[in-house]
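Residue-level structure breakdown
Chain by chain, the residues:
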Amino acid sequence: MPKSNLTRRDLFGLTAAGAFCSVLGLPHAAAAEAIWGRNKKPKNIIFCVSDGMSAAVPTMVDQYLELTTGRGSYWASLMNEDYVVNGLQSTKSLTGPVTDSSAASSAWGSGVHVWNGAVNWLPGGIELRTLLDIMKTEAKMRTGLVTTATVTHATPAGFAVAHESRDDEAGIAEKYLKLCPDVLMGGGDKFFSSTLRKDKVDLYGKFVGQGYTVVKNLSEMRAADLSKPLLGIFSGGHMPYTVDHNHDPKLKASTPTLAQMTSTAISQLKGGSGFVLQVEGARIDHGGHTNDFAAQLFDQLAFEDAVRVAVEFALEDQETLVVVTSDHGNGNPGLAGAGDEYFESAGGLKLAQNMTCSFVPILVSIKLKATHDNVIEVVKDRYQIELSRDEAQFVADGLTKTSPTSKIRVLNQDFSNLAMALSNHTHVNYMTYTHTSDHVLVSALGPGCEFFNGLTSNISYFSHFLSSRDLSVTNMTMDFETAKSHYVKSNMVAGDHWH
Ligand SMILES: [Zn+2]
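Reference entry: report on the structure contained in this document. (Residues numbered from 1 in each chain as written. Predicted model: local features only at pLDDT ≥ 70, side-chain atom pairs only at ≥ 80, totals over all residues. Heavy atoms only, no water.)

The next subject is the overall build of the protein chain. Summing up its helical and strand segments, the protein chain has 23 helices and 16 strands in all. Its C-alpha atoms give the protein chain a radius of gyration of 22 Å, near enough to 23 Å, the size a compact globule of 499 residues would have. Each of the three principal axes of the protein chain carries a C-alpha extent, and together these read 65 × 60 × 50 Å. The 499 residues of the protein chain split such that 56% are buried. Here the analysis covers contacts within the protein chain between residues at least 6 apart in sequence; of these, 75% occur between residues at least 24 apart. For the protein chain, the accessible surface area stands at approximately 19600 Å², while carbon and sulfur atoms represent 52% of it. (Helix = DSSP H or I, 4+ residues; strand = E, 2+ residues; numbered from the N terminus. Rg over C-alpha atoms; globule rule 2.2 N^0.38 Å. Buried < 20%, exposed > 50% of the residue type's maximum accessible area, 1.4 Å probe, protein only. Contact = heavy atoms within 4.5 Å. Areas by Shrake-Rupley, 256 points an atom, 1.4 Å probe, with all protein chains shown as cover.)

Encoded structure:
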């Protein structure tokens, strides 16, 4: 438990209540409710999303840390605290059991299941009211979105705006300008810069005109005047994978981590009449799509560092609800049993210690020279793993040959052959390259956390958050057949949206 920032009064209150509940033998939800106060409402809400996080991702992070440092992960330790409630979330969308990120975030953002690819929007041009809009307008709360994707990407957008398609990120950036959240941080220069936007509109200038401070690197972020609204854009597209960031001194010097952005956001938002902040570790999802184990593992570690920042603030503040969860599974990786009595599995997982980059720079190097000799050399240099000649040839073939299997497999052929060859060594295997329908983990702490006990539906969170300000908004809903007839007619089927 991170008690270092707690006051003596807080510490006494938490431990005394926890001890009381333990004596009574209360389950976690009841214990947590007793600690935070029955029917108490949070002043602030911090919603932390590890995008595309199948259950094996935090599992492997916990086991990797235990094997390499002797201590498990932060989230695993959090789950055992009396003041934390744990549960599962069902993640379906209007399209079906498998959601994309915009429909998943829209479920939280408007309490409605929408079609995959839509952002708080239903056919017929029906725009749904969003959590950030309502909390800002009706409850005068401050609002923030922090992500390692483009800040206009599906998950942050789903909390904030209504838009027909997640793909129109330039349009979503304009809707942010109308909403004026107090904090916007992530990547996506191409959706704000007049030289990169197709319409040549200088959105940075328009944000400055609305009173924003615009920052574009770590030192500017640290020096920012936090009495003003803050727009931080730190890369052209998505921000780099953590494993690439960790091993590139230039990136480390110029680009903030998710934890650093989260800390800055909380500093900007706190002190008023309450805030709602979404924090997204976005690239766990991207590593899932490409079956990139190192990308997922180290981005999940960075996400949990950001969660620690949020939780330490909440323990000190005592009035903040923190929810830690995902929007859907992706890839469904897992550490498989290997060797006699499975004793080789641990060694496979520990190989992550030597992985110094994501698949991206490896594939760039291999594409320049797709021979088995070069593949062996590059993988040995970046991962200290010696591929066999057959494995290396298989990887090279992934760059030059197409697969007769599904569309998604062809899209990911270069990544997938590398992933499969490496899995012979790491014993980490993936089931697919797409999202999955699995329920996802939820942990929560702070006033109102008892709500997240057991199995909860993604659309139920919206009204729970609004109830913290005694607000109630019922958005319009649509049945599957009505929505389907629209999307089939307009040739926009779910298969176009697999992120
Ligand atoms: Zn995805």
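Following the structure, the description resumes.
A separate point is the sheet that holds strand β9 (residues 275-281). Taken in spatial order, the ten strands make up an open sheet running β7-β8-β6-β5-β9-β1-β10-β15-β2-β16, and their pairing is mixed. Looking at the sheet topology across the chains shown, the edges are occupied by β7 (213-215) and β16 (454-457). In this sheet, neighbouring strand axes are inclined to one another by 15 degrees on average, regardless of whether the strands run parallel or antiparallel. In this structure, strand β1 (residues 44-50) lies alongside β9, joined through six bridges in parallel fashion. Each bridged residue has a counterpart across the sheet, and for F47 the counterpart in β9 is Q278. Each of β1, β9, β10 (320-325) and β15 (440-445) touches helix α15 (residues 293-317); the most contacted strand, β1, lies at about 165 degrees to it. (Pairing = 2+ DSSP bridges. Axes fitted to C-alpha atoms, helices over the stretch in contact; angles between N-to-C directions.)

Both faces of strand β8 (residues 230-233) are covered, namely the face carrying L230 and G232 and the face carrying L231 and I233. Of the strand pairs in this sheet, β7 and β8 are connected by three bridges, and their pairing is parallel. Bridged to V215 within β8 is G232.

As a further point, take the coordination of the zinc ion. On the protein side, the zinc ion has D285 (OD), D285 (OD), H289 (NE2) and H435 (NE2) as donor atoms, found 2.0 to 2.5 Å from it. In this structure, the zinc ion is coordinated by four donor atoms arranged in irregular fashion, with angles at the metal of 57 to 143 degrees. One chain supplies every donor for the zinc ion, spaced along it as D-x3-H-x145-H. Pair noted here: H289 is in helix α14 (residues 283-289) and H435 is in strand β14 (residues 435-436), with a separation of 146 residues, a long-range link. (Donors = N, O, S within 2.8 Å, 3.2 Å for Na, K, Ca; no water. Tetrahedral: all angles 85-135°; square planar, octahedral: opposite > 155°, others 65-115°.)

Time to look at the side chain of T255. Positionally, T255 belongs in the loop between α12 (249-254) and α13 (258-269). Other than its neighbours up to four places away in sequence, T255 contacts L218, F234, M239, P240, H245 and Q260.

In this section: the packing of helix α18 (residues 372-383) against helix α19 (residues 389-400). Relative to each other, α18 and α19 sit at 100 degrees, their axes nearing to 8 Å. One way to sum up the angle between α18 and α19 is to call them roughly perpendicular. Here H372, V375 and I376 of α18 lie close against α19, whose contacting residues are R389, A392, Q393, V395 and A396. Within the contact of α18 with α19, the residues separate by chemical class into five nonpolar, two polar and one charged. (Parallel < 35°, antiparallel > 145°, perpendicular 65-115°, else oblique. Nonpolar A, V, L, I, M, F, W, Y, C, P; charged D, E, K, R; others polar.)

Turning our eyes to something else, we now look at helix α5 (residues 101-110). Most of α5 is tucked away: ten of the ten residues are buried. Of the residues trailing α5, G111 is marked for its positive phi of about 75 degrees.

Moving on: the pattern of salt bridges. What the rule picks out here adds up to ten salt bridges. Of the charged contacts, one joins R166 and D100 as a salt bridge, the two residues approaching to 2.8 Å between their closest N and O atoms. Residue R166 is found in the loop between α7 (154-160) and α8 (169-179), and its partner D100 is found in the loop between β2 (84-90) and α5; the two are separated by 66 residues along the sequence. What makes D100 buried here is its relative accessible area of 0%. Residues E174 and R197 are paired through a salt bridge, measuring 2.5 Å at the closest nitrogen-oxygen approach. Here R197 lies in the loop between β6 (183-187) and α9 (203-209) and E174 lies in helix α8, a separation of 23 residues in the sequence. (Salt bridge = Lys/Arg side-chain N within 4 Å of Asp/Glu carboxyl O.)

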